[in-house]
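In case you want the letters, here they are:
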Amino acid sequence: GAGVSQSPSNKVTEKGKDVELRCDPISGHTALYWYRQSLGQGLEFLIYFQGNSAPDKSGLPSDRFSAERTGGSVSTLTIQRTQQEDSAVYLCASSYGQLYNEQFFGPGTRLTVL
Amino acid sequence: LAKTTQPISMDSYEGQEVNITCSHNNIATNDYITWYQQFPSQGPRFIIQGYKTKVTNEVASLFIPADRKSSTLSLPRVSLSDTAVYYCLVPPGGNTPLVFGKGTRLSVIA
C-alpha cells in the first residue's frame, strides 16, 4: 500500500517568508509525528498527534512553528518568518495505535532558507 | 528518564559481522528496545525490536542480556548497502515520544 508522502520534496525560500510543509500519513494510522534533521545530525522531535487528543508540542523550537492535523489525517507544518537556521530536512512519520509502535517515515522535505 | 548511549561511528569491511552496542541503564521494566536504520537522504526505517534475550529477523539480530541495561544489534555479513545510521531507542518515560539522538554511523568499506 501507499506509504507516508510529503510535499514538496524540496523548498527554497527567502528569509522572513512563511512556508507550509504537508504530510499524508498511511491511511488508518492514528499517530503522526514531525521531526527535523539538520545536516549530519540526529532527528529532532517537533510535534506528535495521536487521534483526537491534544498534540504534544513540546519539541517545537519557537512560536514561529505550528502544525495542524485535519480530520485525523493530513498534517501541515507551518514555519512563519523563516530564518536561515530553519534550513533542514523535515520528516513526517505515522504509526498505528500506541505511542511506541513502529513509525513509518516519509521521504522528507528539504527546506533551504536563503 | 531513560536515555541511550551508542558509539558515534563504526567502520567495517564487507562480509564481516557488525555488532553495535547500546547502553540504556534506566530502561523501564515493561519497555522494549527498538532499532531504526537510516540510509542517506531517506527517513529512518524500523529494523528490529526486542524485550529480552534474542530476537532475529531477516535483517538483523538483537541481543539483550538479562539485566536489560544494554542491547547489541548484530548485522551478519555486512555489504556496502548496509552503510547507514543506526538508532537505538527506548521510551524516555513520562509518555513522551522516542528520542532518536545521533545514532551510530556505520561505514562499510569494500
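Heads up: the structure comes first, above all this text.
Residues numbered from 1 in each chain as written. Chains lettered and ligands numbered in written order. Predicted model: local features only at pLDDT ≥ 70, side-chain atom pairs only at ≥ 80, totals over all residues. Heavy atoms only, no water.

Undergrad: Please explain the overall build of chain A as it appears in this structure.
TA: On a plain count of helices and strands, chain A comes out with 0 helices and 10 strands. Listing each helix as α and each strand as β along chain A from the N terminus yields β-β-β-β-β-β-β-β-β-β. Against the compact-globule benchmark of 13 Å for 114 residues, chain A has a radius of gyration of 13 Å, which places it among compact chains. Viewed in the frame of its principal axes, chain A has a C-alpha envelope of about 40 × 30 × 25 Å. Put simply, chain A has 114 residues, and 47% of those count as buried. Across chain A, the fraction of contacts at a sequence separation of at least 24, relative to all contacts at a separation of at least 6, is 55%. Summed over all atoms, the accessible surface of chain A reaches about 5,600 Å², with 46% contributed by carbon and sulfur. (Helix = DSSP H or I, 4+ residues; strand = E, 2+ residues; numbered from the N terminus. Rg over C-alpha atoms; globule rule 2.2 N^0.38 Å. Buried < 20%, exposed > 50% of the residue type's maximum accessible area, 1.4 Å probe, protein only. Contact = heavy atoms within 4.5 Å. Areas by Shrake-Rupley, 256 points an atom, 1.4 Å probe, with all protein chains shown as cover.)

Undergrad: So what exactly am I meant to see when it comes to the sheet that holds strand 3 (residues 19-24) of chain A here?
TA: Sheet strands associate in pairs through backbone hydrogen bonding, adopting either a parallel or an antiparallel arrangement. Residues and elements named next belong to chain A. Taking strand neighbours across the sheet as the criterion, the 4 strands line up as 1-3-7-6 in an open arrangement whose pairing is antiparallel. Since the sheet does not close on itself, it has two edges, and those belong to strand 1 (5-7) and strand 6 (65-69), each with one partner. Here the average twist between neighbouring strands, direction ignored, is 15 degrees. (Pairing = 2+ DSSP bridges. Axes fitted to C-alpha atoms, helices over the stretch in contact; angles between N-to-C directions.)

Undergrad: How should I be thinking about the interface of chain B and chain A in this particular structure?
TA: Where interface size is given, it is often the accessible area lost as the parts come together that is meant. The interface is formed by 18 residues belonging to chain B together with 18 residues belonging to chain A. Roughly 1,500 Å² of surface becomes buried between chain B and chain A when both sides are summed, with 56% attributable to carbon and sulfur atoms. Counting the surface chain B buries against chain A, the share from its top three residues, Pro97, Leu98 and Phe100 of chain B, is 31%. Taken together, the connections running from chain B to chain A amount to 5 residue pairs in polar contact (both at pLDDT 80 or more). Among the secondary structure elements, those contributing two or more residues to the side of chain B that touches chain A are strand 3 (33-38) and strand 4 (45-50) of chain B. (Buried area = accessible area lost by both parts, 1.4 Å probe. Polar contact = N/O pair within 3.5 Å; in protein donor to acceptor, adjacent residues only side chain to side chain.)

Undergrad: What's the story with the nonpolar core in this structure? I'm lost.
TA: Here is a general trend for soluble globular proteins: nonpolar side chains tend to be buried in one another's company. If you look at the biggest cluster of nonpolar residues, it comprises 21 residues, and the most contacted ones within it are Ile33, Trp35, Leu73, Leu75 and Tyr86 of chain B. Breaking this core down by element, the ones donating at least two residues are strand 2 (18-23), strand 3, strand 4, strand 6 (61-64), strand 7 (70-75), strand 8 (84-89) and strand 9 (104-109) of chain B. By size, the runner-up hydrophobic cluster in this structure holds 20 residues, among which are Ile26, Leu32, Ile47 and Leu77 of chain A. (Core = buried A, V, L, I, M, F, W, Y, C linked by side-chain atoms within 4.5 Å.)

Undergrad: It is not clear to me how the packing of aromatic side chains should be interpreted in this structure. Could you clarify?
TA: Each aromatic ring pair is described using two quantities: the centre-to-centre distance and the angle formed by the ring planes. Applying the stated criterion to the full structure yields 11 aromatic pairs over all chains. Taking the centre distance of 6.1 Å and the plane angle of 15 degrees together, the rings of Tyr33 of chain A and Tyr35 of chain A count as stacked. We classify Tyr33 of chain A as buried; its relative accessible area is 0%. Residue classification places Tyr35 of chain A among the buried residues on the basis of a relative accessible area of 0%. Ring centres of Phe105 of chain A and Tyr36 of chain B lie 6.2 Å apart, and the angle between their planes is 85 degrees; this geometry places the pair in the edge-to-face category. In this pair, Phe105 of chain A sits in strand 9 (residues 104-105) while Tyr36 of chain B sits in strand 3, so the two residues belong to two different chains. Residue Phe105 of chain A shares its accessibility class with Tyr36 of chain B, and that shared class is buried. Put simply, the rings of Tyr33, Tyr35, Phe45, Tyr48 and Phe105 of chain A together with Tyr36, Phe46, Tyr87 and Phe100 of chain B pair up and form one aromatic cluster. Looking at Arg68 of chain B, its charged tip hangs above the ring of Tyr51 of chain B, at a distance of 4.1 Å from the centre. (Phe/Tyr/Trp six-rings, centres within 6.5 Å; stacked < 30°, edge-to-face > 60°. Lys NZ or Arg CZ within 6 Å of the ring centre and 35° of its normal.)

Undergrad: Before we go on, may I ask you to explain the layout of surface pockets in this structure?
TA: To find leftover empty space, one rolls a probe the size of a water molecule over the atoms. Considering only enclosed or pocket space, the largest pocket measures out at about 570 Å³ in volume. Along its surface, the largest pocket is lined by 30 residues, and Gln37, Val89 and Arg110 of chain A together with Pro40 and Ser41 of chain B are the ones closest to its centre. Take the lining of the largest pocket: its biggest share by element is 4 residues, from strand 10 (residues 109-113) of chain A. Of the volumes computed, that of the second largest pocket is approximately 240 Å³. Together, 14 residues line the second largest pocket, and Lys3, Thr4, Val99, Phe100 and Gly101 of chain B are the ones closest to its centre. Grouping the amino acids of the lining of the second largest pocket by side-chain chemistry returns 7 nonpolar, 5 polar and 2 charged. (1 Å grid on protein atoms, 1.4 Å probe; cavity = no way out; pocket = protein on both sides within 12 Å on 5 of 7 lines; lining within 4 Å. Points joined across faces, edges and corners; volume = space filled by probe spheres on them. Nonpolar A, V, L, I, M, F, W, Y, C, P; charged D, E, K, R; others polar.)

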